[in-house]
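# Chain and residue survey
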Amino acid sequence: MTDLRNQRRMAAAVMKCGAHRVWIDPDRTEDVATAVTRADVRRLVTGGAIKAEQKKGVSRGRARHTAAQKAKGRQVGPGSRKGAKYARKPRKERWIQLIRPIRAELRKFREEGVITPSQYREYYMRAKGGQFRNRNHMLAHMRTEHIIEEAP
């Protein structure tokens, strides 16, 4: 087989691509071997004996499959996690999920007349200070202080 390294190099320069992307027609290797100048190589490129292969991209197939699995709740265990606990669920988001039910319960009690506005304000400020772990913790606290009656 003839050595076409020089022609491949010239073709890469002519077509402005890498030498590995240069395709030489295996049936016309004799024509390519006779090409000595860049003009000869240009003529072969227009003639179709030499072509530039298409660039290879990175397939999204695996990424799409992984995304579909994660949408189903797979591949999200402790081994797949990077970053701290609060990088995945910010502190503020956690606080919002804690405080909204507590404040809603306090509003409901105030509107129904279960607690007075001053008691509402006191418990509102306690909740804001982070005294209660959750809504049930606040209700238990209210029962021990006899603000609301015991649950049946």
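Details of the structure are given in the entry above.
Everything numeric here is computed off the predicted structure, so don't read it as measured data. (Residues numbered from 1 in each chain as written. Predicted model: local features only at pLDDT ≥ 70, side-chain atom pairs only at ≥ 80, totals over all residues. Heavy atoms only, no water.)

### What about the overall build of the chain?
Applicable threshold: Strands are runs of DSSP state E lasting at least two residues, helices are runs of H or I lasting at least four, and both sets are numbered from the N terminus onward. The globule rule used here is 2.2 Å times the number of residues to the 0.38 power, and the radius of gyration it is set against is calculated over C-alpha atoms. Note on classification: 1.4 Å probe, protein chains only; a residue is buried when its accessible area is under 20% of the maximum for its type, exposed when over 50%, partly exposed between these limits. Residue contacts are defined here by distance: any two heavy atoms, one from each residue, within 4.5 Å place the two residues in contact. Throughout, the Shrake-Rupley method with a 1.4 Å probe supplies accessible areas, and for residues the shown protein chains are the sole cover considered. In this tally, Lys and Arg are treated as positive and Asp and Glu as negative; His is ignored, and so are the chain termini. Charge positions are represented by NZ for Lys, CZ for Arg, CG for Asp and CD for Glu.
For the chain, the helix and strand inventory stands at eight helices and two strands. Computed over C-alpha atoms, the radius of gyration of the chain comes to 37 Å, more than 25% over the 15 Å expected from 2.2 N^0.38 for 152 residues, which places it beyond the range of a compact globule. Based on the C-alpha atoms only, the size of the chain along its principal axes is roughly 105 × 25 × 25 Å. In the chain, which comprises 152 residues, the proportion classed as buried is 23%. In the chain, of all internal contacts separated by at least 6 residues, the share reaching a separation of at least 24 is 56%. Surface summary for the chain: the accessible area is close to 11,400 Å², and the carbon and sulfur share equals 51%. When the 37 basic and 15 acidic side-chain charges of the chain are each reduced to a single mean position, those positions are 4 Å apart.

### Remarks on unusual backbone geometry
For glutamine 75, which is not glycine, the phi torsion reads 60 degrees and is therefore positive. Inspection of the secondary structure puts glutamine 75 in the loop between α4 (61-71) and α5 (85-88). The phi dihedral of histidine 146 is positive, around 60 degrees, even though this residue is not glycine. Assignment of secondary structure puts histidine 146 in the segment after α8 (135-144). For histidine 146, a relative accessible area of 68% corresponds to the exposed category.

### Quick look at the packing of helix α1 (residues 5-15) against helix α3 (residues 38-47)
Defined as follows: Comment: axis = line fitted to C-alpha atoms, over the contacting stretch for helices; angle = value between 0 and 180 degrees taken between N-to-C directions. In this scheme, roughly parallel covers angles under 35 degrees and roughly antiparallel covers those over 145, while 65 to 115 is roughly perpendicular and the rest are oblique.
At a minimum axis distance of 9 Å, the contact between α1 and α3 shows a crossing angle of 75 degrees. Between α1 and α3, the interaxial angle falls into the category roughly perpendicular. Side by side, α1 and α3 meet where Gln7, Arg9, Met10, Ala11, Ala13, Val14 and Met15 of the first sit next to Arg38, Val41, Arg42 and Val45 of the second.

### Digging into the side chain of glutamine 69
Turning to its location among the elements, glutamine 69 is positioned in helix α4. Residue contacts for glutamine 69: discarding those within four places in its chain leaves Arg74 and Gln75.

### Some words on the nonpolar core
Quick note on the threshold: What is meant by a nonpolar core is a set of buried Ala, Val, Leu, Ile, Met, Phe, Trp, Tyr and Cys residues, joined one to another through side-chain atoms within 4.5 Å.
Ranked by size, the top nonpolar core spans 15 residues in total, and within it Leu106, Ile115, Tyr123, Met138 and Met142 carry the most contacts. Sequence-distant contacts of tyrosine 123, that is, excluding residues within four places in its chain, are made with Leu106, Phe132, Met138, His141, Met142, Glu145 and Ile147. With 14 residues, the next largest nonpolar core counts Ala12, Cys17, Ile24 and Ala35 among its residues.

### Quick notes on the packing of aromatic side chains
Stated formally: When two rings of Phe, Tyr or Trp (its six-membered ring) have centres within 6.5 Å they constitute a pair, described as stacked for plane angles under 30 degrees, edge-to-face for angles over 60, and tilted for the intermediate range.
Inspection of the entire model under this criterion finds two aromatic pairs. On the numbers, 5.7 Å between centres and 40 degrees between planes, the contact of tyrosine 120 with tyrosine 124 is tilted. In this pair, tyrosine 120 and tyrosine 124 are both assigned in helix α7 (residues 117-128), four residues apart and thus about one turn of the helix distant. Each member of the pair, tyrosine 120 together with tyrosine 124, is buried. With 6.0 Å between their ring centres and 10 degrees between their planes, tyrosine 123 and phenylalanine 132 make a pair best called stacked.

### Brief notes about α7
Note the cut-off: The span one expects for a helix is its residue count, reduced by one, times 1.5 Å.
Helix length check: α7 (12 residues) gives 16 Å between terminal C-alpha atoms against 16 Å at 1.5 Å per residue, within 8%. Check the buried side of α7 and you find it contacts α6 (91-112) and α8. Phi turns positive one or two residues past the end of α7, at glycine 130, with a value near 85 degrees.

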